Amino acid sequence: MGIEDFGGGQAAQSDVLVVTTNDVPGYQVQQVIGEVFGLTVRSRHLGSQIGAGLKSLVGGELKGLTNTLVETRNQAMERLVEQARSRGANAVLMMRFDVTEAADVGTEVCAYGTAVVLAPKG
């Protein structure tokens, strides 16, 4: 994976805009649909767990776990966008991620925000 693979975010051609801000310059909220979220839980790969254990002895990035978290965040984001789209939204405002341990067997990642319909001002 190159550095561009760690940034996350959505594809340029997405029909649902996702932002972490309360508003979008040049647009107004026509309708608030409500909270939407994308949730996924991923277990850790045994190989990456062993590698992480060994790496923790000498320090440094845990690349296997980093890759897993990137994939997990991207999947949560995709599910967030799917839910917003299915409810008629064209944008999600105030998007956030929440990450927690899930019963010592994996990582739970939730992307959440407020689904809205935006229209250009004017």
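Calculation notes
Residues numbered from 1 in each chain as written. Predicted model: local features only at pLDDT ≥ 70, side-chain atom pairs only at ≥ 80, totals over all residues. Heavy atoms only, no water. Buried < 20%, exposed > 50% of the residue type's maximum accessible area, 1.4 Å probe, protein only. Helix = DSSP H or I, 4+ residues; strand = E, 2+ residues; numbered from the N terminus. Pairing = 2+ DSSP bridges. Contact = heavy atoms within 4.5 Å. Axes fitted to C-alpha atoms, helices over the stretch in contact; angles between N-to-C directions. Patch = residues over 30% accessible without salt bridge, like charges linked within 9 Å, V, L, I, M, F, W, Y side chains within 5 Å. Areas by Shrake-Rupley, 256 points an atom, 1.4 Å probe, with all protein chains shown as cover. Salt bridge = Lys/Arg side-chain N within 4 Å of Asp/Glu carboxyl O.

Draft legend 1. Summary view of the pairing of strand β4 (residues 106-120). Within β4, 11 of the 15 residues are buried, which leaves it mostly tucked inside the rest of the structure. Of the strand pairs in this sheet, strand β2 (residues 27-43) and β4 are connected by 15 bridges, and their pairing is antiparallel. The residue of β4 that forms the bridge with T40 is V109. As paired strands, strand β3 (residues 91-102) and β4 are joined by 10 bridges and run antiparallel to one another. Bridge assignment links A102 to a residue of β4, and that residue is G106. Joining the antiparallel neighbours β3 and β4 is a turn of 3 residues, in which A103 adopts a positive phi near 55 degrees.

Draft legend 2. Local environment of the environment of V29. Mapped onto the elements, V29 comes out in strand β2. As for V29 and L93, which are separated by 64 residues in sequence, their C-alpha atoms are 9.9 Å apart. With residues up to four places along the chain from it excluded, the contact list for V29 reads L93, V116, V117 and L118.

Draft legend 3. Up close: unusual backbone geometry. In this structure, M94 is a non-glycine residue whose phi angle is positive, near 55 degrees. Mapping M94 onto the fold places it in strand β3. According to the relative accessible area criterion, M94 is partly exposed, its value standing at 33%.

Draft legend 4. Expanded view of the sheet that holds β4. Here 4 strands make up an open sheet; going across it, the order is β1-β3-β4-β2 and the pairing mixed. Lying at the two open borders of the sheet, with one neighbouring strand each, are β1 (17-18) and β2. Across the sheet, helix α2 (residues 63-86) is in contact with β1, β2, β3 and β4; its angle to β2 comes to roughly 140 degrees.

Draft legend 5. Expanded view of a nonpolar patch on the surface. On the surface, F37, L39 and Y112 cluster together into a nonpolar patch covering about 250 Å² of accessible area. Assignment of secondary structure puts Y112 in strand β4. Judged by its relative accessible area of 31%, Y112 falls in the partly exposed class.

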